[in-house]
Each structure stands twice: as C-alpha cells, then as structure tokens.
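The lines below spell out each chain.
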Amino acid sequence: MYWLIGLLFLETGLEGLLCRGVLAAKPWWQRLSSLGLGTGLLALSVALTFSDWRIWAWGLPVVMYRLLNLGRLYYNRLPPQQLRTVCARAYWWLVMAQTVLTVVAWITVTNHFGMTLFDILLATQLLAAITLMRASTHTWQYSRWVAATESLTDRQLPTVSVLVPARNETDDLELCLNALTASDYPKMEILVLDDCSVNRHTPEIIRSYAHAGVRFVQGQLPDESRWLAKNFAYEQLSGEASGELLLFCAVDAILGPHSLRQMVEKLEAEHKDMLSLMPLRSADVRRGSSMLQAMRYYWEICLPRGFFKRPPVLSTCWLIRSRVLEQMGGFESVTRSVSPEASFARKAVVNNTYLFMRSDAELAVFSNKPVSEQYDTSVRVRYPQLHRRLELVALAGICEAALLLGPLAGLLLASQLAHTMAYVLVWLVSLVCSFITYAIVSVGTRLANPWVGWLLMPLAFLVDLGILHVSLWKYEFGSVNWKGRNVCIPVMRLEKQAGKTTLG
C-alpha cells in the first residue's frame, strides 16, 4: 500500500505544477498531461480505497472534483492566466480537504479514541439539521407580512416607476400587465422594455397597453464582454424612470390591485430603502414546478444569513428608492452579477434599511413561472451563487449529500450497522428537522400540498444536487442559455479593477 501512497503524492505534486502552469508549456501538452494525471489519480484512489476503505473512501468525493478541475485544463476554454488562477486555487483547497478527511479517518481508525469518523458524521448531521430548522423558523417568522398600521393619503404617497424587462414573452407578459394596470396606486408609471426580442409578439403586446398608460422602451443590445443582458435591461429601465421608488418586476409576477400600495406604505412606515418579496405560488401553475421553486426559496430562508450580513432576497419583485440605487452605484456596479438585487440588499442591510417579506393572501403577490423556466433559472443562478468556484461546489455538494440526505441513507442501511438503535434515533431526529424545514417553505408558499411538502424533501434535495452540478458543467464545459442568449461569457470572465485582475 505504501508504494501506492508514494505514487499518489507524486501525482498530486505534478497536478499542482500543471495547475500553476509550470508543467505545461503548450496547450497540447497541457491537455495530454491533464488526461494522464486524471487517469492516474482515479486509478490510485480506487486502488487505495480497496486496500482500506475505512481511511481512503472518505476522500473519494473530493477526488471527483479534482478530476473536474483537471477537466478544465483539458478543455482549455478560459484565457491562460484566468485558467491557471482558478485551477490552482481549486487544487489547493481540494487537496487540503482530501488530506484533512484522510488524516482524521486514519486517526479514528488507528488510535481508537472511542469516537469514529462515522460518529462525528452523525453528530454533524444532527447539528446541521437543528441549525437549519432553527434558522428557517426564525426567518419565516420575522419575514411574515404585517401591513403598515397607518395608511397614507394619495398626496403622501411617493411616485413609483414599475419596471418590467421582457424578452420573447407572450402570455406571462399579458397576465403581468393586466395585473399592473388594474392597480389602485395613484402615482405610478409602468415601463416595459423590449429586450431585443426575436419574436414580434412581445413589442406588439407592450404597445397594445399604451392606452392603459404602459410606456414602451426599446432595448439596446448589450456589450456582452461587460454586461449581462438582464442587468443592462435594468440599467436602461432605471435610466428612463422618473419615480422616487423603483419596483423591478419579473414578467412571471402577478400583483393584486392593492399590492403596490401596501408595499409602499410598509416601506415608508418602517423607514427602509429596499424591500424584497417572496411571492406565493399562483394557482394557475402546474405542481411540477414546486420542487425547483421550493429549493430556490429554501436556500434563501433556511441558512443563518444574519451571521454573514447576506440577507435573503429574490428577483421576482423588489422595491428600492431611486436615490439609494444611484448612491449604491446603480447597475454599473453589478454589470455581471447574476443576482444584482442581492448586492444592493447586502449594502442596505448594513445600514438596517432592508426588508425581506413573504407575501400572503392579503398582499396577493404571486409567481406563475412554469417548470421549464424554473429549471432554466436554477441552472443559470446556482453556479454563480457559489462565485463560480469549483471548490465551493464541492463543499456545498458534499455537505448537502452527507448532512441532508445522509440520515435517510443511514436509515435504509441501519440494519447492517452496530449500535443500530442509537444511530436510528439520531437519524430520525435529523430527518424530522429536515422535513419540517422543507415543509415550512414548500407548504407555506403554496408550492405543494401539505402531505406532498413532507414527502418530496428527499427528492427535492436530489434534484437540487443534480441542478447544482448541471450548472457547474454548463458554465465550465458547455453553455448556459437564458432567453436565447449565452450568458457564460459575461459571467465567467475576469474583472479588471485598479490595474489588477481579479475574479469577478
């Protein structure tokens, strides 16, 4: 076994040289080296696992991500400097993670401290489940919609510009505009940007609402080396707007007649600068979208975000003061961010001027995004949400599989283990906490019936894991198409600031 370990150390050293650009002088040599080192890494890892699975099996998931990192060198899609930077960084983090797992496993196997790595895993699963349940119940409670106690007169209300970017939209756009034009808000303008739609129906639909006060804005083609198309659409809309408040509204959002007034009154009563809403599921949307949308909401609600000053935020419907948006740098400061509203929310929460609320039947803000668009949105945002870093995907994927799905797998295999009753008890408590956390989001936002919200949790986590890795694969090795555009170029490129190059 020792000669296998020696070969693994040699492979790891050569891999580090390759990732730093020392080993490969030409692209063809880089491709050949990455293929050979990847094959050797896989073969050595499997051989060591067969020799003593108790020590080496724990590092196998990390090995898979190291192979993906070598795959980036093989495909050679990024500029040379950027490729070396991201691959070297991922290499060091992944090798360090694999080393720590292997050393801890070796210590627990050889020294018999009375607690195995398996016991540590069980304790971590229980702690993670309780922490997520506590964070989600807390966020769910403080984000519940409570209307302002005092109403404002029409004269006291600020002016509002409702901004809707649209590209190749038809039915959803009509539903959205029908709802907006039925609003009782007295000081409102509605601007809809046609974001260079391929079909002719989108501009025709927008112009057909001119009699209801809807203003048509012709969008311009973005510079894809700098801008994400959606952010550029927001920039154009905010430049045309005249309201004191700006409501950015997705075409799949449906607002009730009194929704906008209630939102503005709440913002003014709480003296806040920004408000983001979690919508309810529209009754017209098929249940097939519940899993995908619920997981997007789940990650906003369940994480203890207060510790990191990263508040929950959603792009469906968010309101911000125009002067504050300008002070924050506007969309010029987030040209390539997949979730620009998240950047503004982080700045607002530092000054205690941010509100995150979830809609209820009284507020009546709904989302009718179908399952196909839910999937596209999830793929588009998941990898960028983890800062386009392979090592963070590895951490998130392994933690989700081991901590959230692990208890279920443990129960299925419990009969094969010693101390079965103690393990079963821990796993049952962990699973109940996880089921409660998921059901809070999926049932509370009308994404699923109560019994479905409980039963779908394991499948929802599996689907989420799959989408996370599909998002990684498409950004790194394929293309991510959003509304007919490939967003990989502006998302994955490096950003140059103050004479230095950094990851955007």
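Look above for the structure.
Residues numbered from 1 in each chain as written. Predicted model: local features only at pLDDT ≥ 70, side-chain atom pairs only at ≥ 80, totals over all residues. Heavy atoms only, no water.

Draft legend 1. Spatial organisation of the overall build of the protein chain. Each helix and strand counted, the protein chain has 19 helices and 14 strands in total. The C-alpha atoms of the protein chain give 25 Å as radius of gyration, which agrees with the globular expectation for 504 residues (23 Å, within 12%). Taken along its principal axes, the extent of the C-alpha atoms in the protein chain is 80 × 60 × 40 Å. Long-range pairs, those at least 24 residues apart, make up 79% of the contacts in the protein chain between residues at least 6 apart in sequence. Just so you have it, the protein chain exposes about 23200 Å², and 62% of that area is on carbon and sulfur atoms. The distance from the centre of the 47 positive side-chain charges to the centre of the 39 negative ones in the protein chain is 7 Å. (Helix = DSSP H or I, 4+ residues; strand = E, 2+ residues; numbered from the N terminus. Rg over C-alpha atoms; globule rule 2.2 N^0.38 Å. Contact = heavy atoms within 4.5 Å. Areas by Shrake-Rupley, 256 points an atom, 1.4 Å probe, with all protein chains shown as cover. Lys, Arg positive; Asp, Glu negative; His and termini not counted. Charge placed at Lys NZ, Arg CZ, Asp CG, Glu CD.)

Draft legend 2. Just the sheet that holds strand 1 (residues 160-166), in detail. Reading across from one edge, 3-2-1-4-8-6-9 is the order of the 7 strands in this open sheet, with mixed pairing throughout. Edge strands, defined here as strands with exactly one partner in the open sheet, are strand 3 (214-218) and strand 9 (354-358). Each adjacent strand pair in this sheet contributes to an overall mean axis angle of 20°, direction not counted. Where strand 2 (residues 188-194) meets strand 3, 5 bridges bridge the pair, whose relative direction is parallel. Within the sheet, the bridge partner assigned to Asp194 lies in strand 3 and is Gln218. Against the sheet, helix 13 (residues 340-350) makes contact with strand 6 (274-278), strand 8 (317-321) and strand 9, and its axis sits at roughly 125° relative to strand 6, the strand it touches most. (Pairing = 2+ DSSP bridges. Axes fitted to C-alpha atoms, helices over the stretch in contact; angles between N-to-C directions.)

Draft legend 3. Structural context of helix 1 (residues 2-19). Its 18 residues place the ends of helix 1 26 Å apart at the C-alpha level, agreeing with the 26 Å of an ideal helix rising 1.5 Å per residue. Turning to helix 1, its buried residues are Leu4, Ile5, Leu8, Glu11, Thr12, Glu15, Gly16, Leu18 and Cys19. The buried residues of helix 1 occupy an angular sector of 155° when projected down its axis, which confines them to one face. For helix 1, exposure combined with an orientation more than 90 degrees from the buried face picks out Tyr2, Trp3, Phe9 and Leu10. Directly beyond the C-terminal end of helix 1, a positive phi value near 85° is found at Gly21. (Expected span 1.5 Å × (residues − 1). Buried < 20%, exposed > 50% of the residue type's maximum accessible area, 1.4 Å probe, protein only. Arc of directions from axis to C-beta.)

Draft legend 4. Representation of the packing of aromatic side chains in the model. All chains considered together, the criterion is met by 20 aromatic pairs. Relative to Trp29, the ring of Trp28 lies with its centre 6.1 Å away and its plane at 70°, an arrangement referred to as edge-to-face. Residue Trp28 is classed as exposed on the basis of its relative accessible area of 55%. Residue class for Trp29 comes out partly exposed when judged on its relative accessible area of 34%. Put simply, the rings of Tyr234, Phe248, Trp318, Phe331 and Phe344 touch in pairs and so form one group of aromatic residues. Over the ring of Trp482 we find Arg380; its NZ or CZ atom is 4.1 Å from the centre of that ring. The lysine or arginine in question, Lys483, covers the ring of Trp482, its NZ or CZ lying 5.3 Å from the ring centre. (Phe/Tyr/Trp six-rings, centres within 6.5 Å; stacked < 30°, edge-to-face > 60°. Lys NZ or Arg CZ within 6 Å of the ring centre and 35° of its normal.)

Draft legend 5. Broad picture of the pairing of strand 2. Extensive coverage of strand 2 is indicated by the burial of 6 of its 7 residues. Read from strand 1 through helix 7 (residues 171-181) to strand 2, the crossover connection turns out right-handed. Where the polypeptide runs from strand 2 across helix 8 (residues 201-207) and back to strand 3, its parallel neighbour, the crossover connection is right-handed. (Right-handed = clockwise from strand over helix to strand, strands pointing away.)

Draft legend 6. Geometry of empty space enclosed by the protein. The tally for this structure, following the rule as stated, stands at 5 cavities of 30 Å³ or more. Roughly 340 Å³ of internal volume is contained in the largest cavity. Forming the boundary of the largest cavity are 23 residues, of which Pro165, Glu169, Lys230, Trp482 and Lys483 lie nearest the centre. Residue assignment for the lining of the largest cavity shows that the elements contributing at least two residues are strand 1, helix 9 (229-240) and helix 14 (371-385). At 4 residues, helix 9 tops the list of elements feeding residues into the lining of the largest cavity. Of the residues assigned to the lining of the largest cavity, the class counts are 9 nonpolar, 3 polar and 11 charged. (1 Å grid on protein atoms, 1.4 Å probe; cavity = no way out; pocket = protein on both sides within 12 Å on 5 of 7 lines; lining within 4 Å. Points joined across faces, edges and corners; volume = space filled by probe spheres on them. Nonpolar A, V, L, I, M, F, W, Y, C, P; charged D, E, K, R; others polar.)

Draft legend 7. Summary view of unusual backbone geometry. Its identity as a non-glycine residue notwithstanding, Cys196 has a phi of 55°, on the positive side. Summarising the element assignment, Cys196 is placed in the loop between strand 2 and helix 8. One non-glycine residue, Ala364, lies in positive phi territory at about 65°. Topologically, Ala364 is positioned in the loop between strand 9 and strand 10 (365-367).

Draft legend 8. Molecular detail of the sheet that holds strand 10. One open sheet holds the 3 strands; their spatial order is 5-10-7, and the pairing between them is mixed. With partners counted over all chains shown, the strands left at the sheet margins are strand 5 (253-255) and strand 7 (280-281), one partner each. Pairing between strand 7 and strand 10: 2 bridges, direction parallel. From the neighbouring strand, Arg281 faces strand 10, where its bridge partner is Ser367.

Draft legend 9. Representation of the pattern of salt bridges in the model. Enumeration over the complete set of coordinates arrives at 18 salt bridges. Lys483 is the salt-bridge partner of Glu169, the closest N and O atoms lying 2.5 Å from each other. Of this pair, Glu169 sits in the loop between strand 1 and helix 7 while Lys483 sits in the loop between strand 11 (481-482) and strand 12 (485-486), and the two are 314 residues apart along the sequence. Classification of Glu169 by relative accessible area gives buried; the value is 5%. Residue classification places Lys483 among the partly exposed residues on the basis of a relative accessible area of 24%. Ionic pairing is found between Asp252 and Lys369, a salt bridge with its closest N-O pair at 3.9 Å. Residue Asp252 is located in the loop between strand 4 (245-249) and strand 5, and its partner Lys369 is located in the loop between strand 10 and helix 14; the two are separated by 117 residues in the primary sequence. On the basis of relative accessible area, Asp252 is assigned to the buried category, the value being 4%. Because the salt bridges share partners, they merge into one network encompassing Glu11, Glu15 and Arg66. (Salt bridge = Lys/Arg side-chain N within 4 Å of Asp/Glu carboxyl O.)

Draft legend 10. Just a nonpolar patch on the surface, in detail. Where nonpolar side chains cluster on the molecular surface, the patch consists of Trp3, Leu7, Leu10, Leu14, Leu17 and Val22 and spans about 580 Å² of accessible area. Along the chain, the position of Trp3 falls in helix 1. On the accessibility criterion, Trp3 (59% relative accessible area) is exposed. (Patch = residues over 30% accessible without salt bridge, like charges linked within 9 Å, V, L, I, M, F, W, Y side chains within 5 Å.)

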